[in-house]
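# Understanding the architecture of this molecule
For reference, the chains in residue letters:
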Amino acid sequence: MSATPTAAPEPADRPRDLLADGSAAPSGPGTTAQPGAGSAAQPGDATTARPGVAVPGDGSAAVPGDGAAVAVPAARQPQVDPAASGTAGELAGVAQRAAEALLTPTAPARLGDVVPAPERVTPDPAADFTLTPDAVIRVSADPAALAVGERLAALLRPATGHPLPVTDATAPQPAGGIALVLDGDAGLGPEGYRLSVTPHGVRITADTATGLHHGVQTLRQLLPATVESPTPVRQRWVLPGGEILDRPRYAYRSAMLDVSRHFFGVADVLRVVDHLARYKLNHLHLHLTDDQGWRIAVDSWPRLATVGGATQVGGGPGGHYTKGDYRRIVAYAAERGITVVPEIDLPGHTHAALTAYGELSPDRIAPPPYTGTEVGFSYVDPASGRTYEFVADVLGEIAALTPGRFLHIGGDEAFKVKGAAYTGFVERVQRIVAGVGRTVVGWHQIAPAAHVDGRVLQWWGTDGDDAVTAEAVRRGARLILSPANHAYLDMKYAPDTPIGHDWAGLVDVRRAYDWDPATHLNGVPAEAVLGVEAPLWTESVTTLTEAEFMLFPRLPAIAELGWSARATHDWAGFRQRLAGHGERWSTAGIAYHRCPTVPWPGPCGRVPLPRSAGSTDRSA
Ligand code: TNX
């Protein structure tokens, strides 16, 4: 019996993996394909030119406030009130207002310049509002709403330098600030909001704190891009006047981070959560286990994390989350309206678990760690009772850590567990998930298994005909759509993209944007679609900077498909709105791909990816 994985058969629609440089990965038992190893481009190599990578401080985007003078129109010239002279305090106030008025305005955002596109936008050019140093953030007396207010203040204080105290909305306050109000308007739904900008202030109303949170993300985009600066910017903080009414199209809007192939520490994951929140996504799927690493502590099977988590693709040190780490991620996400969906991939993609517990393996022998990128060779023994004790223990502990309703059981590419052995395994695991009070999610390969209440399939196919999935939908399943040729964020943008795969084709931002979840899969009615998810597999993604480069600008495209009414769908308008975000990302220190189809401001071309911009923090 071999302790080494045997080569996996290739799935029909999934040609073999490619290395980061585009060459074919070596196949066969125990190969250690190291993404990037064959190519000259190493992550963090400051001397390596990477096509179209924009990173903070690279000068690739014009950052207002860097000295570019903008004339102040006459209407904005300070009006000094002669009557307001006298005391030193009054004079200081006059001087302050005069200075404010003279500060260079960048072109104020337009009310409709929001990603994802809002449901209804009613601009009022006569109603612009300027956020002044004396502004107050008034919030309904509700702990979750107050937390939204505190986070808004934390977002705005660094760039504006304004103190922005957060106070209870019921206390008498001066006008001229921002109000976040829970108004009991259930018509807005659990995530909707209204935002109104008048010369007297900004008011966001919603039925829930989550709705207020989404409204805050919109407010943020209505301020000049310099609001993303971590340090004070001398600037007039003008918001465009008018009203927005906004609600999501789909209840499930998500991204997946594969923390198994390469491990990403807590700080990195929290930053990814911030990116999701910015674009009103509401789920984070964490792919916690795979052949190369088991990333979550399980008390009843401790070696899963300590042994199974000790390496990663390419042979690096790997890592895992303690239960405390995981709770921190869950709590941080929840505060931002995001539910964590943990995935324990079964019965395949389990090599790391087998390295820790050989008793789960069909041959009962623990194999050595695997640091390559082949798929489909490993499995836990579906004929062993011990396997189901393991599954019940693991899913029980994960459920106890996870307040969200979904547990993802993987189910993909288990090429060696076939037919009845496979469906029998999946059905048993589905019952275990129901037994711990959770709703099962699985990759669409689990479709042939019997239906259980609430079952959700995540479809990752590349063409719209899938009779087996359509049949599972007829039996009651709902779908999350992640078509690999549109939504897989590990696909290359273009042939020269330095990292990523291309087995599902090239996915530029237009391809990510131009599809309709409601009609994508033949034989599946629109009502069966729960939403969309953009997965980021990380065989070739080794640092946070590389992850951001693959996320931006495609994540906002998928976010818009999930949030915005179909009637707003329009590539020409989307690329214009998206272009303004390049400057926001640069200012916030977020790396992104300056794809040629979007009219980003500033020069295009090759930009080096500095070592300092990326970190995969393992400490936190
Ligand atoms: C397919 S799609 C996988 C992953 C790989 C990915 C690479 C699916 C459910 N599984 O194991 O990481 O392709 O693109």
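The rules behind each value
- Residues numbered from 1 in each chain as written.
- Predicted model: local features only at pLDDT ≥ 70, side-chain atom pairs only at ≥ 80, totals over all residues.
- Heavy atoms only, no water.
- Helix = DSSP H or I, 4+ residues; strand = E, 2+ residues; numbered from the N terminus.
- Buried < 20%, exposed > 50% of the residue type's maximum accessible area, 1.4 Å probe, protein only.
- Contact = heavy atoms within 4.5 Å.
- Areas by Shrake-Rupley, 256 points an atom, 1.4 Å probe, with all protein chains shown as cover.
- Expected span 1.5 Å × (residues − 1).
- Salt bridge = Lys/Arg side-chain N within 4 Å of Asp/Glu carboxyl O.
- Pairing = 2+ DSSP bridges.
- Axes fitted to C-alpha atoms, helices over the stretch in contact; angles between N-to-C directions.
- Near = heavy atom within 4 Å.
- Polar contact = N/O pair within 3.5 Å; in protein donor to acceptor, adjacent residues only side chain to side chain.
- Nonpolar A, V, L, I, M, F, W, Y, C, P; charged D, E, K, R; others polar.
- Core = buried A, V, L, I, M, F, W, Y, C linked by side-chain atoms within 4.5 Å.
- Phe/Tyr/Trp six-rings, centres within 6.5 Å; stacked < 30°, edge-to-face > 60°.
- Lys NZ or Arg CZ within 6 Å of the ring centre and 35° of its normal.
- pLDDT = per-residue confidence, 0-100.

### Here we look at the overall build of the protein chain
In terms of helices and strands, the protein chain carries 15 helices and 23 strands. Within the protein chain, the proportion of its 620 residues that are buried is 59%. Sequence separation of at least 24 residues holds for 74% of the intrachain contacts in the protein chain that already meet a minimum separation of 6. For the protein chain, the computed accessible surface area is about 21700 Å², with 56% contributed by carbon and sulfur atoms.

### So, helix H6 (residues 323–335)
With 13 residues, H6 should reach 18 Å at 1.5 Å per residue; the first-to-last C-alpha distance of 18 Å fits that figure. Each element contacted by the buried residues of H6 is listed here: helix H4 (266–278), strand E13 (283–287), strand E16 (339–346) and helix H8 (385–401). Following H6 by one or two positions, Gly337 has its phi on the positive side, about 75°.

### Points about the pattern of salt bridges
Per the counting criterion, the structure on display carries 23 salt bridges. In this structure, Glu228 and Arg220 form a salt bridge, with 3.4 Å as the shortest nitrogen-oxygen distance. Where Arg364 meets Asp381, a salt bridge forms, and the shortest distance between an N and an O atom there is 3.1 Å. A residue pair is termed long-range when its members are at least 10 positions apart, and Arg364 in the loop between helix H7 (351–356) and H8 and Asp381 in the loop between H7 and H8 qualify at 17 residues. Relative accessible area serves as the criterion here: at 44%, Arg364 is assigned to the partly exposed category. Shared partners join several salt bridges into a network, and the residues in it are Asp258, Arg261, Asp290 and Glu539.

### With respect to the sheet that holds strand E17 (residues 406–410)
The strand order E12-E13-E16-E17-E18-E19-E20-E21 describes a closed barrel built from 8 strands, whose pairing is parallel. Within the sheet, the average angular offset between the axes of one strand and its neighbour, ignoring direction, is 30°. When strand E19 (residues 456–459) meets strand E20 (residues 478–481), the two strands line up parallel, connected through 4 bridges. Across the sheet, residue Trp459 finds its bridge partner in E20, namely Leu481.

### Here we look at the pairing of strand E21 (residues 529–536)
Of all 8 residues in E21, 8 are buried, a share of seventy percent or more. Sheet topology places strand E12 (residues 252–258) next to E21; 6 bridges connect them, and they run parallel. Counted as the bridge partner of Ser254 is Glu533 from E21. Pairing geometry for E20 and E21, over 3 bridges, is parallel. Bridge pairing in E21 links Leu481 to Val532.

### Overview of the site of the ligand
Surveying the vicinity of the ligand reveals 14 residues, the closest of which are Arg261, Tyr488, Asp490, Trp503 and Glu539. Within the side chain of Asp412, one N or O atom sits 3.0 Å away from a nitrogen atom of the ligand. Within the contact set of the ligand, an oxygen atom lies 2.8 Å away from a side-chain nitrogen or oxygen of Trp503. The fraction of the free accessible surface of the ligand (370 Å²) that becomes covered by protein chains is 100%. Looking at the shell around the ligand residue by residue, the class counts come to 6 nonpolar, 2 polar and 6 charged.

### Remarks on the sheet that holds strand E11 (residues 242–246)
Note: strands within a sheet are paired through backbone hydrogen bonds, in either parallel or antiparallel orientation. Here we have 7 strands laid out as an open sheet, ordered E3-E11-E8-E9-E7-E5-E6, and mixed in their pairing. With one partner strand each, in any of the chains shown, strand E3 (120–123) and strand E6 (166–168) form the two edges of the open sheet. Pairs of neighbouring strands in the sheet enclose a mean axial angle of 15°, with direction left out of account. In terms of strand pairing, strand E8 (residues 193–198) meets E11 through 5 bridges, oriented antiparallel. Bridging from a neighbouring strand, Arg194 pairs with Leu245 of E11.

### Focus: the nonpolar core
Ranked by internal contacts, the top residues of the largest apolar core, which has 119 residues, are Leu286, Trp294, Ile296, Leu304, Tyr321, Phe390 and Leu395. Once residues lying within four places of it in the same chain are set aside, the contact partners of Tyr321 are Val259, Phe263, Phe264, Gly265, Val266, Val269, Leu288, Arg295, Ile296, Ala297, Tyr326 and Ile329. Of all hydrophobic cores here, the second largest spans 35 residues; its members include Leu156, Leu222, Leu223 and Leu239.

### Observations regarding the packing of aromatic side chains
Across all of its chains, the model carries 21 aromatic pairs by this definition. Relative to Trp503, the ring of Tyr488 has its centre 5.9 Å away and its plane inclined at 90°; by these criteria the two rings are edge-to-face. Of this pair, Tyr488 sits in the loop between helix H11 (484–487) and helix H12 (509–513) while Trp503 sits in the loop between H11 and H12, and the two are 15 residues apart along the sequence. Classification of Tyr488 as buried rests on a relative accessible area of 2%. A connected cluster of aromatic rings, assembled from ring pairs, spans Tyr279, Phe552, Trp585, Tyr592 and Trp600. Sitting above the plane of the Trp563 ring, Lys280 keeps its charged end 5.7 Å from the centroid. Residue placement shows Arg428 over the ring face of Tyr388; its charged tip is 3.7 Å from the ring centre.

### Quick look at unusual backbone geometry
The linkage connecting Val115 with the following residue, Pro116, adopts the cis geometry, with an omega of -5°. Within the secondary structure layout, Pro116 lies in the loop between helix H1 (88–102) and E3. Omega for the bond connecting Phe552 with Pro553 falls within 30 degrees of zero, at 15°, which places this linkage in the cis form. Mapped onto the elements, Pro553 comes out in the loop between helix H13 (544–551) and helix H14 (554–563). Of note, Lys280 is a non-glycine position whose phi angle comes to about 65°, a positive value. Tracing the chain through its elements places Lys280 in the loop between H4 and E13. Taking relative accessible area as the criterion, Lys280 reaches 0% and is therefore assigned buried.

### Some thoughts on the side chain of Arg261
Relative to the helices and strands, Arg261 is located in the loop between E12 and H4. With a relative accessible area of 2%, Arg261 lands in the buried category. There is a polar contact of 3.0 Å between the side chain of Arg261 and the side chain of Asp258. If near-sequence neighbours (up to four positions away) are discounted, Arg261 is found in contact with His287, Asp290, Gln292, Gln312, Val313, His349, Val375, Trp537, Thr538 and Glu539.

### Some thoughts on the confidence of the model for the protein chain
Mean pLDDT over the protein chain works out to 84, with 79% of the residues at or above the 70 mark. Confidence drops under a pLDDT of 50 for residues 1–53, and excluding neighbours within four residues, the segment shows 132 contacts in the predicted structure. Counted against residues more than four places away or in other chains, residues 605–620, with its pLDDT under 50, gives 53 contacts.

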